[in-house]
Structures are given as structure tokens and as C-alpha cells.
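Given next are the chains, with one letter for each unit.
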Amino acid sequence: MLIVMDHHASADQVAAVVEAVRRLGFTPQPIPGENRVAIGVLGNQGYVDEAPFRDLPGIQELIHVTKPYKLVSRDFHPADTAVTVGGVAVGWCRDPVVIAGPCSVESREQVLATARAVKAAGARILRGGAFKPRTGPHSFQGLGYEGLEYLAEAGREVGLPIVTEVMRIDQIEPVAALADCLQIGARNMQNFDLLKEVGRIGKPILLKRGMSATLEEFLAAAEYVVAEGNDQVILCERGIRTFERALRNTLDLSVVPYLRQVTHLPVIVDPSHALGRRDLVIPMSKAAIVVGAAGIMVEVHPDPAHALCDGPQSLDPAGFQQLIGELRSLENLA
Ligand code: PEP
Ligand code: MN
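Residues numbered from 1 in each chain as written. Chains lettered and ligands numbered in written order. Predicted model: local features only at pLDDT ≥ 70, side-chain atom pairs only at ≥ 80, totals over all residues. Heavy atoms only, no water.

Attention now moves to the sheet that holds strand 13 (residues 267–269). In space, the eight strands of this closed barrel follow the order 7-8-9-10-11-12-13-14, with parallel pairing throughout. Within this sheet the neighbouring strands show an average axis-to-axis angle of 25°, counted without direction. Across two bridges, strand 7 (residues 97–101) lies against strand 8 (residues 125–127) in parallel orientation. Its bridge partner being in strand 8, Ile-99 is matched across the sheet by Ile-125. (Pairing = 2+ DSSP bridges. Helix = DSSP H or I, 4+ residues; strand = E, 2+ residues; numbered from the N terminus. Axes fitted to C-alpha atoms, helices over the stretch in contact; angles between N-to-C directions.)

Set out below in C-alpha cells:
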């Protein structure tokens, strides 16, 4: 529940409400606004009884938030949150950020070559998987910590912050020591223990939507991270499973303007995993930016035909350059 105080409520009246929330066994979180104070009620499992607040002076409105998320919602936090990844701001109303790099770090040379190419073309964050969540155990599983070192070295060399996926709790600390942003992949979107742990670190989190997750579940997953104290969460739409089989997934871009209304967290789009085909990555990246995405994340490989993972959806450096060029001309039109 959110308790909105009257704009001329006194400090004593606010304190009385805070105390009433505490007496119910919940945690009050005052949110000072420009004109009025609101008090968030945290820790309740369900609907909060209004009776204890009915006679308290200075209350303008009691807003029930029955959804499984609250901290990530606009009701609770109306202003946009900008997430800063190694100095690069990702947020609604900012310059769209392009995150690019290989699906997997395959070698020092491969990630360095990709980093140089994407940096030269205009990427602002470098991606690359060291720990890979592959559908089958016989597929390339990533280089692990060795891959992380190569990614970090490549990021340092070209001057780009890096994002990489963690799959297990014990990977969080060592990865956070080198990476600027930790990715939670689609398959782990509801790994609640992992979400809680990344909520306790001081690094931004890139949370990908599970392939069968509703938006409510997606936001509830982000809530796990924010509830632990880390509000630096970027949401990433990467396509969902539907009855349609022509493409790898279904990319529903209406998610972007919808989430913009519902949450203050920035939303980016990953057309590579959504489509599974490089020829559709450029048009759908442009579409994502047009509908207001805070950025895109695309896979780029110096030699996609020989990529160990996700080659068919990876752009080569020339393709990536073309993408950036088309995005720039889009902005000129605007
Ligand atoms: C990835 O971005 O490397 C990845 C595995 O994507 P997803 O979790 O969206 O499948
Ligand atoms: Mn991939």
C-alpha cells in the first residue's frame, strides 16, 4: 500500500502514520516528493487493512498495490531511474544505448576483434558470455573465468564497460569484481535466490525476460533485486515463446511503451535472441528505438559463420556498422 499524505500534512502527522505502519508489523518507507510525502508500506503479504489509518489526520489517499511488485512500479517511484553502467547512463529519455558483442567469448583474439569493431562503430557497452546457459550439455558452455578475463581485457583496451551473465550465486562476486554490469539470463529470470544475491551487490543488473514469463512475473523478478537494495536494474525484452515457429521467438515491442507506463526502470530490447536471424536485426532494432526503448543489445561476431554459439543471429562488423548508421539516420529524422 502507498499512503499519500496531504500536501500540508505536518511532520508529526507523517510520523504518526509511520508509527502506525510499524505497529502493524510492516516497514514504512517515506518518499519525500516535491509537494507531498508518500509512505510506502513494505513487507505485507496481501491487502493491507485501511482501518488503522482511517482516523489519522493528514492522509490524502490510500493506494492499494496488490501486484507482486511495488518498488519497481511508477506508482511507488514516479521518476525515471537511470542505470549507470561504467559511466554510461541507460534510461528512459536518454540517448538510446547500444550494447554489442559476441554471444560467447570464444578466445582472446575473437573478443578483442569484436570489441574494436563495435567500439569503432559506436557501441557504448560491450557484451560477451563467459558462462553460457546452453539448452543441451553438449554445446559449447563458455570459457568461464578465462573468458571473463578476456572480456575484461577487451573492454579495458577499447574503453567500453562490460556486461556478462552469471548463472550461479558463487559466480557473482568474482564476476562483479571485473564486470560493470551482471546479466541474469532468460532461463534464470525466476531463480529467486540468484535474484536476491545480485540485489545485494553494488553493480547494475541486466535482467532478461524469461521466454514464458508474463510482464507481471518479469516485474516481480526485478522486484526481488530492488527489494534487496539494488535499484540499478535494466529490463531486457528478448522475445517470448508463442505458437509461432517461423522465428526463434516472438518479439512483442508493445512491451516497451507498456512498461514505460508501469515501471521507472529502463527497458532495452535484444532483437538477436528474439529473432534468431541476422537479416531482421536491423529493422527490429530500429523499431525498438522508435517505440522508445532505452537501448538495444545485439550480438556481433567477427566471423559469424564459425561462431560457437548463435552465429545465425550475429551481425558481422560491417552489419553492425550498418545498424549504427541506420539508427543514426533515424534520429536525424526525429
Ligand atoms: C544471452 O544474452 O547471452 C542469452 C543467453 O540470452 P537469453 O538469456 O535471453 O536467452
Ligand atoms: Mn546468444
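Let's shift gears to the sheet that holds strand 3 (residues 37–42). On the basis of which strands lie adjacent, the open sheet formed by four strands has the order 2-3-1-4 and antiparallel pairing. A strand with exactly one partner marks an edge of an open sheet, and here the two such strands are strand 2 (27–32) and strand 4 (59–63). The sheet shows a mean angle of 20° between the axes of neighbouring strands, taken without regard to direction.

The immediate surroundings of ligand 1 are formed by Arg-127, Lys-132, Pro-133, Glu-165, Gln-183, Gly-185, Ala-186, Arg-187, Lys-208, Arg-238 and His-273. Within the side chain of Gln-183, one N or O atom sits 2.9 Å away from an oxygen atom of ligand 1. One of the side-chain N or O atoms of Arg-187 is found 2.8 Å from an oxygen atom in ligand 1. Against a free-state accessible area of 300 Å², the protein chains account for coverage of 96% of ligand 1. Among the cavities detected, the one that contains ligand 1 is the second largest pocket. Counted by class, the shell around ligand 1 contains two nonpolar, three polar and six charged residues. (Near = heavy atom within 4 Å. Polar contact = N/O pair within 3.5 Å; in protein donor to acceptor, adjacent residues only side chain to side chain. Areas by Shrake-Rupley, 256 points an atom, 1.4 Å probe, with all protein chains shown as cover. 1 Å grid on protein atoms, 1.4 Å probe; cavity = no way out; pocket = protein on both sides within 12 Å on 5 of 7 lines; lining within 4 Å. Sits in = over half its atoms within 2 Å of the grid points. Nonpolar A, V, L, I, M, F, W, Y, C, P; charged D, E, K, R; others polar.)

Core analysis: the largest hydrophobic core is formed by 75 residues, its most contacted members being Leu-182, Leu-207, Leu-235 and Phe-320. Among the elements that make up this core, the one with the highest residue count is helix 7 (residues 215–227) (seven residues). Here Phe-320 is in contact with Val-98, Ala-100, Val-118, Ala-121, Ala-123, Val-298, Val-300 and Leu-315, once residues within four sequence places are set aside. Core analysis: the second largest hydrophobic core is formed by 15 residues, Val-83, Val-88, Val-163 and Leu-206 among them. (Core = buried A, V, L, I, M, F, W, Y, C linked by side-chain atoms within 4.5 Å. Buried < 20%, exposed > 50% of the residue type's maximum accessible area, 1.4 Å probe, protein only. Contact = heavy atoms within 4.5 Å.)

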